[in-house]
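Notes for the structure review
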Amino acid sequence: MKKVLFLPLLKMPSGHHQVAEALMDILERRTTNICYKKIDLLSYTNELLEKVVTGTYLKWIRYAPETYNMAYKHLFYEPPVHSFKWYHHVFAKKMEHLVKEENPDLIICTHGFPSYLLSQLKAKGKCDVPIINVYTDFFINNLWGKEEIDFHFLPSEEVKKGLRAQSEIPLQNMMVTGIPVHEEITKTRTAKHHSNRNILIAGGSSGLGNIMDFYNDLKDAHHFHYFVLCGKNQKLYEEIKGWELQHVTPIPYISSRTEMNELYERVDAIVTKPGGITVSEALRKSLPIFVHSALPGQEEVNLRYLTERNLVQELKADQSLENQLQTVLQDADKMSTLYNAIAAYHKEIEAQTPEELLAVVNWILGEKQTIGLHA
């Protein structure tokens, strides 16, 4: 039996894990001769180290977002990444040990750090396992390994062209997949006619994000019905529930993708952060997307891309939430522009079905049972 190893980073819930799990489920449902395993390298290296890194990241991004943003851009976005000598001492050795211990037939990276380490090992002849990069944002930061990677699942045609322009990667080793989301988030929506327009407000399951300024607006808002996804923020859930407002419904953390899909089916637009997964799920449902805030680093870069493509509308904190929603949702021209942008984004995606993703995996594993893929 062949083995596929998935490598996100850290244990905390994130888009890196969600993408890995979405792909694992897609493949597991369609194969019987392949086993799948997901490992976080930091936990594998040292459990305490993983907890420290996670805690430091959450505190840094919450209490000093400006410095985090500067550090992220300096290290991973604007200049080329330099050689991280201190990484090599611990993490490269651990990665080499992990690969030997697991002995996978294919590695799928959903975070740039494992991809970077593996590309370094491959360049030195210390790893011969084929690797797929699956990008979880709408851009590629400079941490990801590139030339030594065997295949790339890319978020957009624009990113594909950019990667091709800066590297020697053959076109047949790149495919625009969008940011993969779980197939239980269905592409087609059941047509429904609501007596009132329904708006989903999502602040992120970890509770990060500057959305609190908008919540007080909901008390005096009456044009829409608001479903507020509180995630694991029990205090927020209890507070909104205590308002006892008929037009505002707080929703606790949803772990079921089927339930999340049903919620998407009930609403007509979403107010959220520009995280790769939530935005990709909303795009899959062809929902109008309004961005209330962006975390420093990746989300700010995502927001720039999404606004340039007219895929999202950015909200202003000093203006009424409801007025801003009405300005777009009740304007036929603005809605037409929005839906045309979403349709253009979907048209770029080369892998429209799970079977096409499976075809790439089979091709790399050497089974040659490809669907719409030419070696």
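Numbering of residues starts from 1 in every chain and runs along the sequence as written. Selection of residues for local features in this predicted model requires a pLDDT of at least 70, selection of side-chain atom pairs for listing and counting requires 80 or more, and totals for whole chains, interfaces and linings are taken over all residues. To get the side-chain values, take all heavy atoms of the structure and skip hydrogens and water.

**Quick look at the side chain of His17**
Secondary structure follows DSSP: runs of H or I at least 4 residues long count as helices, runs of E at least 2 residues long count as strands, and numbering of each begins at the N terminus. Along the chain, His17 turns up in helix H1 (residues 15-28). In this structure, His17 is in contact with Pro8, Leu9, Leu10, Lys11, Met12 and Lys38, ignoring residues within four places of it in sequence. Every residue pair with non-hydrogen atoms within 4.5 Å of one another is taken to be in contact.

**Notes on the sheet that holds strand S1 (residues 2-7)**
At least two bridges found by DSSP between two strands are what make those strands a pair. Reading across from one edge, S2-S1-S3-S4-S5-S6 is the order of the six strands in this open sheet, with parallel pairing throughout. Of all strands in the sheet, those with a lone pairing partner are strand S2 (34-38) and strand S6 (174-176), marking the two edges. Geometrically, the sheet is characterised by an average inter-axis angle of 20 degrees between neighbouring strands, direction not taken into account. An axis is simply a line fitted to the C-alpha atoms; with a helix, the fit covers only the stretch in contact. Between two such axes, the angle follows the N-to-C directions and lies from 0 to 180 degrees. This element, helix H6 (residues 112-123), spans S1, strand S3 (106-109) and strand S4 (131-134) of the sheet and lies at about 140 degrees to S3.

**Regarding the pattern of salt bridges**
We count a salt bridge whenever a side-chain nitrogen from Lys or Arg sits within 4 Å of a carboxyl oxygen from Asp or Glu. Evaluation of the coordinates by the stated rule reveals 15 salt bridges. Measuring nitrogen to oxygen at the nearest pair gives 2.8 Å for the salt bridge that ties Arg29 to Glu184. With a gap of 155 residues between them, Arg29 in the loop between H1 and S2 and Glu184 in the loop between S6 and strand S7 (198-202) connect regions that are remote in the sequence. Each residue gets one of three labels from its accessible area relative to the maximum for its type: buried under 20%, exposed over 50%, partly exposed in between, using a 1.4 Å probe on protein chains only. Overall, Arg29 belongs to the partly exposed group, its relative accessible area being 48%. When its relative accessible area of 27% is taken as the criterion, Glu184 is described as partly exposed. The salt bridge involving Glu350 is made with Lys160; its shortest N-O contact spans 2.9 Å. A residue pair is termed long-range when its members are at least 10 positions apart, and Glu350 in the loop between helix H14 (332-348) and helix H15 (354-365) and Lys160 in helix H7 (residues 157-166) qualify at 190 residues. For Glu350, a relative accessible area of 35% translates into the label partly exposed. Residue Lys160 is classed as buried on the basis of its relative accessible area, which comes to 9%.

**Some thoughts on helix H9 (residues 234-243)**
Within the sequence span of H9, burial applies to Leu236, Tyr237, Ile240 and Trp243. Down the axis of H9, the smallest arc covering the buried residues is 120 degrees, so these residues share one side. Across H9 from its buried face, at more than 90 degrees, point the exposed residues Lys235 and Gly242. Just downstream of H9, Glu244 is the residue with a positive phi angle, here 55 degrees. Summarising the geometry, the arc corresponds to the directions from the helix axis toward the C-beta atoms.

**Remarks on helix H13 (residues 321-329)**
Among the residues making up H13, those that are buried are Leu321, Glu322, Gln324, Leu325, Val328 and Leu329. End-on, the buried residues of H13 take up no more than an arc of 160 degrees, which puts them together on one face. Distance and chemistry together define a polar contact, namely a pair of N or O atoms within 3.5 Å, with one atom able to donate a hydrogen and the other to accept it when in protein, and with adjacent residues in sequence counting only for side-chain atoms on both sides. In this structure Ser320 caps H13, since a side-chain oxygen of it lies 3.4 Å from the backbone nitrogen of Glu322.

**Observations regarding the sheet that holds S7**
The sheet built from six strands is open, its strands ordered S9-S8-S7-S10-S11-S12 with parallel pairing. Across the chains shown, the open sheet's two edge strands, defined by having one partner strand only, are strand S9 (248-252) and strand S12 (313-314). Here strand S8 (residues 225-231) runs beside S9; their pairing, made up of five bridges, is parallel. Looking at S9, one finds that Gly231 is bridged to Pro252.

**Let's talk about empty space enclosed by the protein**
Put plainly, a pocket is an open set of points on a 1 Å grid over the protein atoms alone with protein on both sides within 12 Å along at least five of seven lines, a cavity is a set where a 1.4 Å probe fits but cannot get out, and a lining residue has an atom within 4 Å of a point. Grid points are joined across faces, edges and corners, and a volume is the space filled by probe spheres set on the points. Enumeration according to the criterion identifies one cavity of 30 Å³ or more in this entry. Empty space within the largest cavity amounts to approximately 320 Å³. Taken together, 19 residues line the largest cavity, and the ones lying closest to its centre are Thr177, Pro180, Val181, Arg284 and Ala351. Every element with two or more residues in the lining of the largest cavity is listed here: helix H11 (276-284), H14 and H15. Here the element with the most residues in the lining of the largest cavity is H11; it accounts for three residues. Any residue outside Ala, Val, Leu, Ile, Met, Phe, Trp, Tyr, Cys, Pro, Asp, Glu, Lys and Arg is labelled polar, Gly included; the first ten of those are nonpolar and the last four are charged. Taken together, the residues that form the lining of the largest cavity break down as ten nonpolar, six polar and three charged.

**Considerations on the pairing of S8**
Counting buried residues along S8, seven of its seven residues qualify, which places the element largely inside the surrounding structure. Here S8 shows two buried faces, one formed by His225, Phe227, Leu229 and Gly231 and the other by Tyr226, Val228 and Cys230. Sheet topology places S7 next to S8; five bridges connect them, and they run parallel. In the strand pairing of S8, Ile199 is matched with Tyr226. Between the parallel elements S8 and S9, the chain passes through H9 in a crossover that is right-handed. Note on handedness: a crossover is taken as right-handed if, strands pointing away from the viewer, the path from the first strand over the helix to the second is clockwise.

**Describing the nonpolar core**
By size, the foremost hydrophobic cluster in this structure holds 57 residues, and its most contacted members are Phe6, Ile132 and Leu200. Here this core takes seven residues from H15, the largest share from any one element. Apart from residues no more than four positions distant in its own chain, Phe6 is found in contact with Ala20, Leu23, Met24, Leu27, Tyr36, Lys37, Lys38, Ile39 and Ile108. Remark: nonpolar core denotes a set of buried residues (Ala, Val, Leu, Ile, Met, Phe, Trp, Tyr, Cys) joined through side-chain atoms within 4.5 Å. By size, the runner-up hydrophobic cluster in this structure holds 33 residues, among which are Leu9, Val99, Leu118 and Ile149.

**Some words on the packing of aromatic side chains**
Any two rings among Phe, Tyr and Trp, with Trp reduced to its six-membered ring, count as a pair given centres within 6.5 Å; such a pair is stacked if its planes are under 30 degrees apart, edge-to-face if over 60, and tilted if neither. In total, this model carries eight aromatic pairs according to the counting rule given. Measuring from centroid to centroid gives 5.3 Å for Phe91 and Phe113, while their planes differ by 80 degrees, and the two rings are edge-to-face. A residue pair is termed long-range when its members are at least 10 positions apart, and Phe91 in helix H5 (residues 85-102) and Phe113 in helix H6 qualify at 22 residues. Ring geometry for Phe151 versus Trp363: centroids 5.8 Å apart, planes at 80 degrees, classification edge-to-face. Taken together, the residues span a long stretch of sequence, with Phe151 in strand S5 (residues 151-154) and Trp363 in helix H15 at a distance of 212 residues. Comparing Phe151 with Trp363, the two get one shared label, buried. Clustering of aromatic rings is evident, with ring pairs tying together Phe138, Tyr305 and Tyr345. Put simply, a charge is over a ring when the Lys NZ or the Arg CZ is close to the ring centre, within 6 Å, and near the line of the ring normal, within 35 degrees. Here Lys232 stacks its cationic end above the ring of Tyr253, 5.1 Å away from the centre of that ring.

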